[in-house]
Amino acid sequence: ELKVEQNPLFLSMQEGKNYTIYCNYSTTSDRLYWYRQDPGKSLESLFVLLSNGAVKQEGRLMASLDTKARLSTLHITAAVHDLSATYFCAVDMLAGGGADGLTFGKGTHLIIQP
Amino acid sequence: NAGVMQNPRHLVRRRGQEARLRCSPMKGHSHVYWYRQLPEEGLKFMVYLQKENIIDESGMPKERFSAEFPKEGPSILRIQQVVRGDSAAYFCASSPGTSDEQYFGPGTRLTVT
C-alpha cells in the first residue's frame with residue numbers, strides 16, 4: 001500500500017521567513033503533485049513533478065523531487081500572508097505500480113502571521 | 001473552457017436518505033475520479049471511471065456506495081441510506097487520459113443530520 005507522509009502537519013511562521021515542507025512516499029513513483037487548498041475551497045494545482053531531480057518555481061514557492069530518496073520538498077521563500085493555506089502533496093499510484101487514483105498526504109496547515 | 005463541474009455544492013440529508021452527487025468532467029476528458037475528504041484530513045481515493053466502465057473501485061466502501069459514468073451525462077456518486085459518518089466533502093477530478101494530470105472540481109459538501 002502506497003503511503004504518503006507530510007511534515008510538518010501544522011506550521012505557523014512569520015512573514016519574511018523561509019521554510020520547507022517535506023513529503024515522503026513509500027513506493028516507487030515518478031509523478032508527484034503539490035496542491036493548495038483554502039478553507040472550504042477546492043484544490044488548486046501548484047506543481048507537477050514528473051522526473052527525478054525536477055525543480056519547479058512559481059513566485060515564492062519552489063518544489064523539487066528526488067525519486068531515489070522518495071522525497072519531495074516545497075520551499076517557501078520570504079513568506080507573505082496570502083500564502084496561508086493547506087498544502088497537499090499527492091503521488092500517482094499508477095506510477096507506483098498501483099491504481100490510477102492519487103494518494104494524498106494529510107496536508108500541511110500553514111499560517112503566516114504578519 | 002469550463003472546468004470540472006459538480007452539483008450540488010452543498011447537500012443536506014437525514015440519516016437513511018439517499019445522496020446523489022454529480023460530476024461533469026472538463027471538455028475532452030473521459031476519465032473521472034472521485035475522492036472523499038473528511039474534516040482536517042487529506043483526500044482519499046474512492047473510484048476511477050471511464051465512460052460506461054468502472055476501472056478501479058478499490059477505495060469505495062463495500063456497501064451503500066456506488067458510482068457510474070454513463071455514455072451520456074455526468075458521473076454520479078450515489079450513497080444509499082446515509083449515516084453521519086458519510087458527512088464529508090466529495091471531490092471529483094477529471095483527466096484526458098490515464099496518468100494525465102487530474103483537474104479537481106469545487107466539491108460537494110455533504111452533511112448528514
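Described below are features of the structure shown in this document. All of these numbers come straight from a predicted model, not from anything done at the bench. The residue count restarts for each chain, going from 1 along the sequence in the order it is written. Note on labels: chains are lettered from A, ligands numbered from 1, in written order. Where totals are concerned, whole chains, interfaces and linings use all residues; where local detail is concerned, this predicted model gives features only for residues with pLDDT of at least 70, and gives and counts side-chain atom pairs only at 80 or more. Hydrogens and water are ignored here; the side-chain numbers use all heavy atoms of the structure.

### Considerations on the pattern of salt bridges
Residues and elements named next belong to chain B. Any carboxyl oxygen of Asp or Glu that lies within 4 Å of a side-chain nitrogen of Lys or Arg is treated as forming a salt bridge with it. Throughout the structure, instances matching the rule amount to 4 salt bridges over all chains. Ionic pairing is found between Arg-78 and Glu-18, a salt bridge with its closest N-O pair at 2.9 Å. Taken as a pair, Arg-78 in strand S8 (residues 75-79) and Glu-18 in the loop between strand S2 (10-13) and strand S3 (19-24) lie far apart in primary sequence, 60 residues in all. A 1.4 Å probe rolled over the protein chains alone gives each residue an accessible area, and that area as a share of the maximum for its type sets the label: buried under 20%, exposed over 50%, partly exposed in between. Take Arg-78: its relative accessible area is 28%, and that puts it in the partly exposed class. Residue classification places Glu-18 among the partly exposed residues on the basis of a relative accessible area of 28%. Asp-86 is the salt-bridge partner of Arg-64, the closest N and O atoms lying 2.7 Å from each other. Here Arg-64 is found in the loop between strand S6 (53-56) and strand S7 (65-68), whereas its partner Asp-86 is found in the loop between S8 and strand S9 (88-95), with 22 residues between them in sequence. On the basis of relative accessibility, which here comes to 24%, the residue Arg-64 falls in the partly exposed class. Here the salt bridges share partners, and the residues they tie into one network are Glu-18, Arg-20 and Arg-78. Helix and strand definitions here come from DSSP, where helices need a minimum of 4 consecutive H or I residues and strands a minimum of 2 consecutive E residues; each element is numbered from the N-terminal end.

### Digging into the packing of aromatic side chains
Pairing of aromatic rings covers Phe, Tyr and the six-membered ring of Trp, with a centre-to-centre limit of 6.5 Å; geometry is then stacked below 30 degrees between planes, edge-to-face above 60, and tilted otherwise. Enumeration according to the criterion identifies 9 aromatic pairs over all chains in this entry. Taken together, a centroid distance of 5.8 Å and an interplanar angle of 35° make the contact between A:Tyr35 and A:Phe104 tilted. You can see A:Tyr35 sitting in strand S4 (residues 32-37) and its partner A:Phe104 sitting in strand S10 (residues 102-104), a full 69 residues away along the chain. You can call A:Tyr35 buried: its relative accessible area is 1%. Each member of the aromatic cluster is reached from another via a ring pair, and the members are A:Tyr33, A:Tyr35, A:Phe88, A:Phe104, B:Tyr35, B:Phe45 and B:Phe104.

By themselves, these are just geometric observations and shouldn't be taken as functional.
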